[in-house]
Amino acid sequence: MHRFIVFLKNWTLPVAMLTGAVIYLLFHFIPCLQPIGKWYAPYNDHVLPDFMFLILFVTFCKVDFHKLRPVKWHLWIGIQQIVFVFILTGLTIGFHLSGRMLILSESILVCIIGPCAAAAAVITAKLGGSLEEMTTYTFLSNFISALLIPVCFPLLPQQGEATMHIEFFSLFFRILWRVSIILLLPMLLAYIVKHTMHHFHQWVISIHDLSYYLWGASLVVVTGTTVRNIVQAEDSSSLPFLLSIAFVSLILCFIQFAIGRFIGRYFGRTVEAGQSLGQKNTAFAIWIATAFLSPLSSVGPGCYILWQNIINSIEIWHYRRKGLERST
């Protein structure tokens, strides 16, 4: 039993993703479970924001709000994200991509244009990085994404009805409102709790790795949603094409982590910069893909979830083996 608990602790993220995939497949293919799955389906999209709210609330309870300020590496990571987005958008338009090549390009784009994951602060804290600097960049990254999405998406060819007549400010404020609810409200509540409800605040921060395990639970939901999108994909979407999206997202994941860590070396922030550029808010990326692009392009960020969390799990295991892991 002890070895099993240690295994779960070391590989929480892959186990969570495998659990999400298995649960969806069981409720999709077993006839007696299908009515339950259909009943739950409308509620599924509302569960993830609740998890993200709780994760951020717990994380912000441990933040020193006086240290939330931009630093130099934030600028260079932000520039890197903007350059990647404009290069890919330019190539998509310049080569007049269509069909599967357009879907593949969109899959890559949403993995780049998506903001830094709110849970990146959790992993960074476990790896001994600065929670405050990561929290600050999370806000900056979401603002960058809120600017880039309404600028770039209407330029892409063969858009659906959802993006045929996008107005910049309406889409900008729609995305900004969604981001604000997820980010600002838990931060405000955490600030209030920290300064007015001291006993409750101490209880929250005393629970070992609470935000980390909440994040693992959220991965069950995200992975199940991704598997659903793959299973329900159109018949014309062959397995080799889906595998090509998965492979490209794997390469992209390594590139973004590597470039982030390379930039971070110049500022003594290798862990922070690597997580900032490499760990994406894939739940948000899946949402913008299904809302404004081809629904099949959501397979890209869906696979990105797997790759980034395998990297995160290996990093945490490596730091734990060296005795460098910190509690969140």
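Here the structure is a predicted model, which means the values were calculated and not measured.

## Quick look at the overall build of the chain
Inference 1: In terms of helices and strands, the chain carries 14 helices and zero strands.
Inference 2: Along the chain, from the amino end to the carboxyl end, the secondary structure elements read α-α-α-α-α-α-α-α-α-α-α-α-α-α.
Inference 3: Across the 328 residues that make up the chain, the buried fraction comes to 51%.
Inference 4: As displayed, the chain has an accessible area near 15,900 Å², and 71% of this comes from carbon and sulfur atoms.

## Focus: the nonpolar core
Inference 1: Membership of the largest hydrophobic core comes to 48 residues, with the highest contact counts inside it found for Phe57, Phe60, Ile77, Ile123, Tyr212, Trp215 and Leu219.
Inference 2: The leading source of residues in this core is helix α3 (residues 34-60), at eight residues.
Inference 3: Not counting residues within four places of it along the chain, the set of residues in contact with isoleucine 77 comprises Tyr137, Gly260, Ile263, Ala273, Ser276 and Leu277.
Inference 4: In this structure, Leu252, Phe257, Ala285 and Phe292 belong to the second largest nonpolar core, which totals 37 residues.

## Brief notes about helix α13 (residues 282-292)
Residues lying three or four places apart along an α-helix face the same way, a consequence of the helix completing one turn every 3.6 residues.
Inference 1: With respect to burial, α13 is a largely interior element, nine of its 11 residues being buried.
Inference 2: Along α13, the residues classified as buried are Thr282, Ala283, Phe284, Ala285, Ile286, Trp287, Ile288, Ala289 and Phe292.

## Notes on the packing of aromatic side chains
Inference 1: For the structure on display, the rule yields four aromatic pairs.
Inference 2: Geometrically, the ring pair formed by phenylalanine 262 and tyrosine 266 is edge-to-face, given 5.5 Å between the ring centres and 80 degrees between the ring planes.
Inference 3: The class of tyrosine 266 is exposed, set by a relative accessible area of 62%.
Inference 4: Taken together, Phe57, Phe200 and Trp203 form an aromatic cluster joined through their ring pairs.

## Re the packing of helix α2 (residues 12-29) against helix α14 (residues 299-321)
Inference 1: Where α2 contacts α14, the axes come no closer than 8 Å and their chain directions differ by 150 degrees. With respect to each other, α2 and α14 are oriented roughly antiparallel. Between α2, through Leu13, Pro14 and Met17, and α14, the contact on the second element is made entirely by Ile305, Leu306, Asn309, Asn312 and Ser313.
Inference 2: Across the contact of α2 with α14, the residue classes tally to five nonpolar, three polar and no charged.

## Describing the side chain of serine 276
Inference 1: Inspection of the secondary structure puts serine 276 in helix α12 (residues 270-278).
Inference 2: Only 2.7 Å separates the side chain of serine 276 from the backbone oxygen of glutamate 272, close enough to count as a polar contact.
Inference 3: Beyond its immediate sequence surroundings of up to four residues, serine 276 is in contact with Trp73, Ile77, Cys116, Met134 and Tyr137.

## Observations regarding the side chain of glutamine 81
Inference 1: Mapped onto the fold, glutamine 81 is located in helix α4 (residues 72-94).
Inference 2: The class of glutamine 81 is buried, set by a relative accessible area of 1%.
Inference 3: A distance of 3.4 Å separates a polar atom in the side chain of glutamine 81 from the backbone oxygen of glycine 114.
Inference 4: In contact with glutamine 81, not counting residues within four places along its chain, are Ile112, Ile113, Gly114, Tyr137, Ser141, Ile144, Ser145, Leu277 and Lys280.

## As for the confidence of the model for the chain
Inference 1: With 87% of its residues at a pLDDT of 70 or more, the chain has an overall mean of 80.
Inference 2: When the criterion is pLDDT under 50, residues 160-164 qualifies, and its contacts beyond four places in sequence or with other chains add up to four contacts.

Rules and cut-offs
Residues numbered from 1 in each chain as written. Predicted model: local features only at pLDDT ≥ 70, side-chain atom pairs only at ≥ 80, totals over all residues. Heavy atoms only, no water. Helix = DSSP H or I, 4+ residues; strand = E, 2+ residues; numbered from the N terminus. Buried < 20%, exposed > 50% of the residue type's maximum accessible area, 1.4 Å probe, protein only. Areas by Shrake-Rupley, 256 points an atom, 1.4 Å probe, with all protein chains shown as cover. Core = buried A, V, L, I, M, F, W, Y, C linked by side-chain atoms within 4.5 Å. Contact = heavy atoms within 4.5 Å. Phe/Tyr/Trp six-rings, centres within 6.5 Å; stacked < 30°, edge-to-face > 60°. Axes fitted to C-alpha atoms, helices over the stretch in contact; angles between N-to-C directions. Parallel < 35°, antiparallel > 145°, perpendicular 65-115°, else oblique. Nonpolar A, V, L, I, M, F, W, Y, C, P; charged D, E, K, R; others polar. Polar contact = N/O pair within 3.5 Å; in protein donor to acceptor, adjacent residues only side chain to side chain. pLDDT = per-residue confidence, 0-100.

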